[in-house]
Amino acid sequence: MQFTKMEGCGNDYIYINGFVEDVKNPEKLAIAMSERHFGVGADGLVLILPSEKADFRMRMFNLDGSESEMCGNAVRCIGKYVYERGLTKKQTVSLETLGGIKYLQLHIKHKIVEQVTVDMGEPILTAADIPVLSEQHPVLEETLTILDKTFDFTCVSTGNPHAVTFLEGVEDFPVEKYGALAEVAHIFPRKANIEFAEIKNNTQIRMRVWERGTGETLACGTGACATLVAAVLHGYTERKAEILLTGGTLTVEWNKQDNHIYMTGPAAFSFDGVWLREEE
């Protein structure tokens, strides 16, 4: 089975072209291929598939085999993949995800997709739709005690559920210790991605993320979008800011006119390969 390894700000996934490959058990395959010692090594597996509603469809599986609604970094990588591998000649591409249809604007120079801007749609702020068990609307300060610390989480869905907390000293914060427990907290019926963010100034936010089903990753596109929305709701930043991730920087804007979030960032090929373990 042929595959391609790609990354967006260090958020790396294995991509399989579902137009030519038939993946019968993607959950099991995601676990096997994502393992960094015995497999390819990645944050998960992404299938690029035909769609009846859009130009393409994606399915995304975490390294534990669980399926997520979407991934912002993976969406950008798909845009680069389908254009540079000749699956489309369009510079604006529609992509069906479990989090809705996303629209990708490809920024092309000399036939190379250097950046991709994704229209992520409107943020979801209603507790039941995120989902989070809360009486607040929007959910700005949902208090949760984990071990010896109490956090105030701002909850947003940008296609999948996120809980953002603002703190100081994020570089040295023990994300794994608290993120792993926050992900599965009782207030998150479908678990949640947990963002630990520090406001640098009104146009820059440093963010680290614990992704549900994966662990800490170098970047999270939907998390960057959720963090910007949370910061704006609190009055911490402008509606357009740079989100400084461990693996790179994304520019995110929450547009006031149409209420949509626009995320711009890079995507890169790492390598192509062939998976030989037929038992998977």
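Chains are numbered independently. Their residues run from 1 in the order of the written sequence. Side-chain atom pairs in this predicted model are given and counted only at pLDDT of 80 or more, local residue features only at pLDDT of at least 70, and totals for whole chains, interfaces and linings cover all residues. Only heavy atoms go into the side-chain values, all of them from the structure, while hydrogens and water stay out.

Undergrad: Give a detailed account of the overall build of the protein, specifying residues and quantitative values.
TA: Numbering of helices and strands runs from the N terminus, with a helix taken as a DSSP run of H or I at least four residues long and a strand as a DSSP run of E at least two residues long. The secondary structure content of the protein amounts to 4 helices and 18 strands. The globule rule used for comparison is 2.2 Å times the number of residues to the exponent 0.38, while the radius of gyration itself is calculated over C-alpha atoms. Relative to a compact globule of 280 residues, whose C-alpha radius of gyration would be 19 Å, the protein shows 18 Å and is just as compact. The buried label goes to any residue with under 20% of its type's maximum accessible area, the exposed label to any with over 50%, and the partly exposed label to all in between, with areas taken from a 1.4 Å probe on protein chains only. For the protein, buried positions account for 55% of its 280 residues. In the protein, the proportion of contacts linking residues at least 24 apart, taken out of those at least 6 apart, comes to 61%. We get accessible surface area from the Shrake-Rupley algorithm with a probe of 1.4 Å; when it comes to residues, only the shown protein chains can shield them. Counting only carbon and sulfur atoms, one obtains 48% of the accessible surface of the protein, whose full area is about 12,100 Å². Charged residues are defined here as Lys and Arg on the positive side and Asp and Glu on the negative side; His and the ends of the chain fall outside this count. Charge placement uses NZ in Lys and CZ in Arg. For Asp and Glu, CG and CD serve respectively. When the 27 basic and 40 acidic side-chain charges of the protein are each reduced to a single mean position, those positions are 5 Å apart. In what follows, residue pairs with any heavy atoms lying within 4.5 Å of each other are defined as contacts.

Undergrad: So what's going on with the side chain of Thr-88? Residues and values would help.
TA: Residue placement: Thr-88 occurs in the loop between helix 2 (72-84) and strand 6 (92-97). Counting of polar contacts relies on pairs of N or O atoms within 3.5 Å, with two restrictions inside protein: one atom must be capable of donating a hydrogen and the other of accepting it, and residues adjacent in sequence are counted only when both atoms are side-chain atoms. Engagement of the side chain of Thr-88 in a polar contact is seen with the backbone nitrogen of Lys-90, the distance being 3.0 Å. Once residues lying within four places of it in the same chain are set aside, the contact partners of Thr-88 are Phe-56, Val-82, Tyr-83 and Val-93.

Undergrad: Tell me about the pairing of strand 11 (residues 161-166), residues and numbers included.
TA: Summarising burial for strand 11: 5 of the 6 residues are buried, a large majority. Pairs of strands are assigned from DSSP output, requiring at least two bridges between the strands. Judged from the 4 bridges that link them, strand 10 (residues 149-157) and strand 11 form a sheet pairing that is antiparallel. Bridging across to strand 11, Cys-155 finds its partner in Ala-163. Remark: 3 residues form the turn of the hairpin made by strand 10 and strand 11, two consecutive strands paired antiparallel; Gly-159 in that turn has positive phi of roughly 110°. Consider the strands pointing away from the viewer: the crossover is right-handed when the path from the first strand over the helix to the second runs clockwise. Since strand 11 and strand 12 (residues 193-201) lie parallel, the crossover through helix 3 (residues 175-183) that links them has a hand, and here it is right-handed.

Undergrad: Pulling in residues and values, what's your account of unusual backbone geometry?
TA: A cis geometry characterises the amide bond from Ile-130 onward to Pro-131, with omega recorded as -5°. If you trace the backbone, Pro-131 turns up in the loop between strand 8 (112-121) and strand 9 (142-146). That bond from His-137 to Pro-138 is cis: its omega, -10°, falls within 30 degrees of zero. Here Pro-138 lies in the loop between strand 8 and strand 9. Positive phi, close to 65°, is recorded for Asn-259, a residue that is not glycine.

Undergrad: Account for the pairing of strand 15 (residues 240-245), with residues named and values stated.
TA: For a regular strand, the rule is simple: side chains alternate between the two faces of the sheet. One ladder, built from 3 bridges, connects strand 13 (residues 204-211) with strand 15; its direction is parallel. Bridging across to strand 15, Arg-206 finds its partner in Leu-244. Here strand 15 pairs with strand 16 (residues 248-254) via 6 bridges, running antiparallel. Paired with Ile-243 across the strands is Leu-250, a residue of strand 16. Count of turn residues in the strand 15/strand 16 antiparallel hairpin: 2 residues.

Undergrad: Describe the pattern of salt bridges, and please don't skip the residues or the numbers.
TA: The term salt bridge refers to a side-chain nitrogen of Lys or Arg lying within 4 Å of a carboxyl oxygen of Asp or Glu. In total, this model carries 13 salt bridges according to the counting rule given. With its nearest N and O atoms 3.3 Å apart, the salt bridge here joins Lys-5 to Asp-12. Of the residues examined, Lys-5 reaches a relative accessible area of 8% and is grouped as buried. The partner of Asp-12 in a salt bridge is Arg-36, and the shortest N-O contact between them spans 3.0 Å. Of the two residues, Asp-12 is situated in strand 2 (residues 11-17) and Arg-36 in the loop between helix 1 (26-34) and strand 3 (44-49); the sequence distance between them amounts to 24 residues. Salt bridges sharing partners connect three or more residues here, namely Lys-5, Asp-12, Arg-36 and Asp-43.

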